[in-house]
Amino acid sequence: MNLVENHFFNTPIYFGEKKEWLEKLNLASDPHISKAREGNEKVFVKDFAVVHHSETLTHDINFKEFLKYINSNAWDILNNQGFDLTNYSLATTELWVQEFANLGGGNHSPHIHWNGHISGFYFLKCSDKTSYPIFHDPRSGRMMNLLTEKNPSQITLASSHINFKLEPGTFLFFNSYLQHEFVVDHGIEPFRFIHFNIQAFPKQLINNDIKRI
């Protein structure tokens, strides 16, 4: 008997590029990073193992085009994945820029983003010498009896995680349930990126809120 291989419950990650936005978004991010650094300087003795995390950028007009772009792509992604968005509206619930410490040590442990549907990154400063994201297999049941991989350097059906070293100007979009992390940065070159989370809200809920106001 010949077995036919099929794949179900796929986990997509979407890539794109907007290198023409690098200069203006780095300039727009500079004051937010400076403010975050000033706050951290009061707490930490030196710029090591620190992530300089801005406040929300959703109200900064310099990111208006960015917001429109990510929301449009999030809608297309969810729609193409088969979700019925007829009764939903998308909104960016979180948007911030962060930069890892100059002396290295910056990182993020594995996590997901609750109450979200699409998350993503836009890389402003990175190289093959900086930190990079790792995505983990979201199937928790599989992890309970996972076998050893023959070759962890290859991407196969046995892989439990995957990583990407990216260039400035690269976008990543993914479903918010997908666990991810950033490896420890060595402080050799600057590492800065914008992170965003997008949620689908029921239109009925939004309309009811408007009526109450």
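For the structure itself, look to the data block above.
Note that the structure is a prediction, hence the values are computed from the model and not measured. (Residues numbered from 1 in each chain as written. Predicted model: local features only at pLDDT ≥ 70, side-chain atom pairs only at ≥ 80, totals over all residues. Heavy atoms only, no water.)

Draft legend 1. A look at the environment of His136. By the element assignment, His136 lies in strand S6 (residues 133-136). Relative accessible area serves as the criterion here: at 17%, His136 is assigned to the buried category. In sequence terms His136 and His113 are 23 residues apart; their C-alpha atoms lie 14 Å from each other. Contact partners of His136, with chain neighbours within four places excluded, come to Pro110, Ser160, His161, Leu178, Gln179 and Glu181. (Helix = DSSP H or I, 4+ residues; strand = E, 2+ residues; numbered from the N terminus. Buried < 20%, exposed > 50% of the residue type's maximum accessible area, 1.4 Å probe, protein only. Contact = heavy atoms within 4.5 Å.)

Draft legend 2. Quick peek at the sheet that holds strand S4 (residues 108-111). The four strands lie next to each other as S4-S9-S6-S7, forming an open sheet whose pairing is antiparallel. Only two strands of the sheet have a single partner each, and these edge strands are S4 and strand S7 (161-163). With strand direction ignored, the average angle separating the axes of adjacent strands in the sheet is 15 degrees. With three bridges joining them, S6 and strand S9 (residues 180-182) adopt antiparallel strand pairing. Within the sheet, the bridge partner assigned to Ile134 lies in S9 and is Glu181. (Pairing = 2+ DSSP bridges. Axes fitted to C-alpha atoms, helices over the stretch in contact; angles between N-to-C directions.)

Draft legend 3. View of the sheet that holds strand S10 (residues 192-202). Ordered by their spatial adjacency, six strands build an open sheet running S1-S8-S5-S10-S3-S2, and the pairing between neighbours is antiparallel. The open sheet terminates on both sides in strands that have one partner only, identified here as strand S1 (13-17) and strand S2 (51-53). For this sheet, the mean inter-axis angle between neighbouring strands, taken without regard to orientation, is 25 degrees. Looking at chain direction, S2 and strand S3 (residues 88-100) are connected through three bridges and run antiparallel. Bridging from a neighbouring strand, His53 pairs with Gln98 of S3. Here helix H1 (residues 22-41) sits on the sheet and contacts S2, S3, strand S5 (118-125) and S10; the angle it forms with S5, its principal contact strand, is near 95 degrees. Its contacts with the sheet put helix H2 (residues 64-80) on S1, S3, S5, strand S8 (170-175) and S10, and the angle it makes with S3 is roughly 125 degrees.

All quantities given are derived from atomic positions and should not be read as evidence of function.
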